[in-house]
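Structural characterization, general
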Amino acid sequence: MDEWQAGTKLVHSGIRRSQYGEMSEALFLTQGYVYATAEAAEARFEALGEDEFIYSRYANPTTRMFEERLAAVEGTQDAFATASGMAAVHGVLVSVLKAGDHVVAARALFGSCLIVLDMFRRFGVEVTLVDGRDLDAWRAAVRPGTRAVFFESVSNPTLEVIDIKAVAEIAHAAGALVIVDNVFATPVGSRATEMGADLVIYSATKHIDGGGRVLGGVICGSADLIRGTVEPCLKHLGPSISPFNAWVMLKGMETLALRVRAMTASAQALAQAVEGHPALARTIYPGLASHPQHALALEQMRHGGTIVALDLAGGKAAAFRFLNALRVFTLSNNLGDAKSIATHPATTTHQRLPADQKVTLGITPGLVRLSLGIEDAADIVADVTRALDMI
Ligand SMILES: *Cc1c(COP(=O)(O)O)cnc(C)c1O
C-alpha cells in the first residue's frame, strides 16, 4: 500500500471495516464506547488496543480513518484531526511551544495565523516575522533558542512560494521544528515532508472537503510528534473534529486527486490565456514560467496550484467591474471548492490589515484571487476573458 500513488491512497487508505463489511466508510456518530465488563473497562484504560476507543474527544473510528488516510497520502507516520484549520495551527503551536521559546514565521500568512502568533506573545513566546522568500532573513532570525519555524508553502493571496528544503536546513541546524501550512499546495503532489517539514498542516475545509460543506483540519507528522507531543496536549484541550465532519472529509478525499488535477489544469490554462491581457498589471501563477519561483513550485508540489491571482491595472474600480461581470465564478472568500470562486482580498479577507502591510505583502487594490473549480476549463477561461475584455 505504501507504493500506491496518491490517487489510490485517497480512495483506499485507512479503511476500518466493521463486522458488517460495509462498502462505504462507516460514520460512527458516537461520543463514547461501552465495555462488556468492569474488567474490560479497566483493561482498556490501562492499555488501548489498535481497534479500541474510550472517548471521541481522544479518538473515534471514523476520525481515525480520516487521519490514517491523510497520513498515508502525505507520507507521514501519523496525523491528528481537528475541528478547523485554525484549530490545527493553534493546536500544533500550543503543543510544541512554552514560555521563553522563539518562533520565526513568514510574514505572508493567512490573517488568523498572524493573530494566533500574536496571541502567543501574551504567553511569553517571542515571534519574529521575516520575508519568507529571503533565505538570508531566515538565517539572520533563527537562533539557538528558536523552537519552531512556521510558514505557508504557498502564500495567500500573492502566491509566494517558500523553499521548504532550504528553510528546513536553516531551522534544523538550530534545532528548530519546521511547521508548514500546506493548504495551497494540497496533499496531492505535496513533497513537504520529503523536503524537511516536521509537521504539515491542512485546513481540510478547503480542497479536502471540496464541496464547501464542513470545517476541519489536520496535523501530519511522525508518530513521535503526533502521538508523543500533539495528541497528549490536544486530547485534553478538546479541538476534536466531529465524526460527521471527518466522514465528509473521507468521502471528499475519494475525489481529491481528480479535483486537484482538474483545478490545476484549468488554472494553468487560464493563467496562460490571460497573461499579458491589457487590463492586467500582473498575472500571478506558480505554474507560469514568469513566476519568480516557478521551478521551485514544480519541484516541491509537482503542480502550479489551484489558485491564480490577477492584478487589475485599473485598481479597485477595475477589480470590482471584473468581479461583478463574472458568471461562472461565485463571489466568496472560501477556496478549493468544486465551484470556481473569486475574492477581492483588499476589501474582504485582508480588509483589516494595515495599509503599509498590504503594500509589503503585495495586496494591491486591483488584486483578485481566483480559486479554480471543476467546471469545464473552456467555460472558466471564457468567463474570465470576457470579464477582462469588458473593462
Ligand atoms: C483557510 C486557511 C486556514 C484556516 O482554516 P479554517 O479551516 O478556516 O480554520 C489556515 N491557513 C490557510 C493557508 C488557509 O487557507
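The model shown is predicted, which means the values in this text are computed figures rather than measured ones.

Let's talk about the packing of helix α10 (residues 256–274) against helix α14 (residues 377–389)
Their axes nearest at 9 Å, the elements α10 and α14 cross at an angle of 30°. With respect to their mutual orientation, α10 and α14 come out roughly parallel. As α10 runs across α14, the sense of the crossing is right-handed. Note on element contacts: α14 touches α10 through Ala377, Ile380, Val381, Val384, Thr385 and Leu388, opposite Ser266, Ala269, Leu270, Ala273 and Val274. The residue inventory of the contact of α10 with α14, partitioned by class, reads nine nonpolar, two polar and no charged.

A few points about the UniProt feature "modified residue: N6-(pyridoxal phosphate)lysine" (unreviewed entry) in the protein chain
In the UniProt entry, the feature "modified residue: N6-(pyridoxal phosphate)lysine" (unreviewed entry) is given for Lys206. Among the structural elements, lysine 206 can be located in the loop between β6 (199–203) and β7 (217–221). Residue classification places lysine 206 among the buried residues on the basis of a relative accessible area of 13%. When near neighbours in sequence (up to four residues on either side) are disregarded, lysine 206 contacts Phe110, Val183, Asn334, Leu335 and Gly336.

A look at the side chain of glutamate 25
Relative to the assigned elements, glutamate 25 resides in the loop between α1 (6–12) and α2 (38–46). Since its relative accessible area comes to 5%, glutamate 25 is described here as buried. Side chain to side chain, glutamate 25 and arginine 69 meet in a polar contact 2.7 Å long. With residues up to four places along the chain from it excluded, the contact list for glutamate 25 reads Val11, Ile15, Met65, Arg69, Trp247, Leu250, Lys251 and Glu254.

A few points about α14
Under the 1.5 Å per step criterion, the end-to-end length of α14 is 18 Å for 13 residues, consistent within 8% with the ideal 18 Å. Buried within α14 are the following residues: Ile380, Val381, Asp383, Val384, Ala387 and Leu388. On an axial view of α14, the arc spanned by its buried residues comes to 160°, and they lie on one face.

A closer look at the environment of alanine 325
Structurally, alanine 325 can be placed in helix α12 (residues 315–325). Take alanine 325: its relative accessible area is 4%, and that puts it in the buried class. Distance from alanine 325 to valine 384, taken between C-alpha atoms, is 8.7 Å for residues 59 residues apart in sequence.

What about the environment of alanine 338?
Inspection of the secondary structure assignment puts alanine 338 in the loop between β10 (330–331) and β11 (341–343). Along the primary structure alanine 338 and glycine 212 are separated by 126 residues, whereas in three dimensions their C-alpha atoms are 8.0 Å apart. Ignoring anything within four residues of it in the chain, the contact list for alanine 338 reads Gly210, Met263, Gly373, Ile374 and Glu375.

Quick word on the nonpolar core
Counting residues in each nonpolar core, the largest one holds 45 residues, and the members touching the most others are Phe66, Leu70, Trp138, Val149, Phe151, Val178 and Ile208. When residues of this core are assigned to domains, at least three fall in each of domain 1 (6–253) and domain 2 (256–390). If we skip the residues at most four places from it in the chain, phenylalanine 66 touches Ala81, Ala204, Ile208, Gly217, Val218, Ile241, Ala246, Met249, Leu250 and Met253.

How each quantity is defined
- Residues numbered from 1 in each chain as written.
- Predicted model: local features only at pLDDT ≥ 70, side-chain atom pairs only at ≥ 80, totals over all residues.
- Heavy atoms only, no water.
- Axes fitted to C-alpha atoms, helices over the stretch in contact; angles between N-to-C directions.
- Helix = DSSP H or I, 4+ residues; strand = E, 2+ residues; numbered from the N terminus.
- Parallel < 35°, antiparallel > 145°, perpendicular 65-115°, else oblique.
- Left-handed = near helix turned anticlockwise from the far one by under 90°.
- Contact = heavy atoms within 4.5 Å.
- Nonpolar A, V, L, I, M, F, W, Y, C, P; charged D, E, K, R; others polar.
- UniProt positions renumbered as here; feature names shortened; annotations may be inferred.
- Buried < 20%, exposed > 50% of the residue type's maximum accessible area, 1.4 Å probe, protein only.
- Polar contact = N/O pair within 3.5 Å; in protein donor to acceptor, adjacent residues only side chain to side chain.
- Expected span 1.5 Å × (residues − 1).
- Arc of directions from axis to C-beta.
- Core = buried A, V, L, I, M, F, W, Y, C linked by side-chain atoms within 4.5 Å.
- Domains from an automatic or database assignment.

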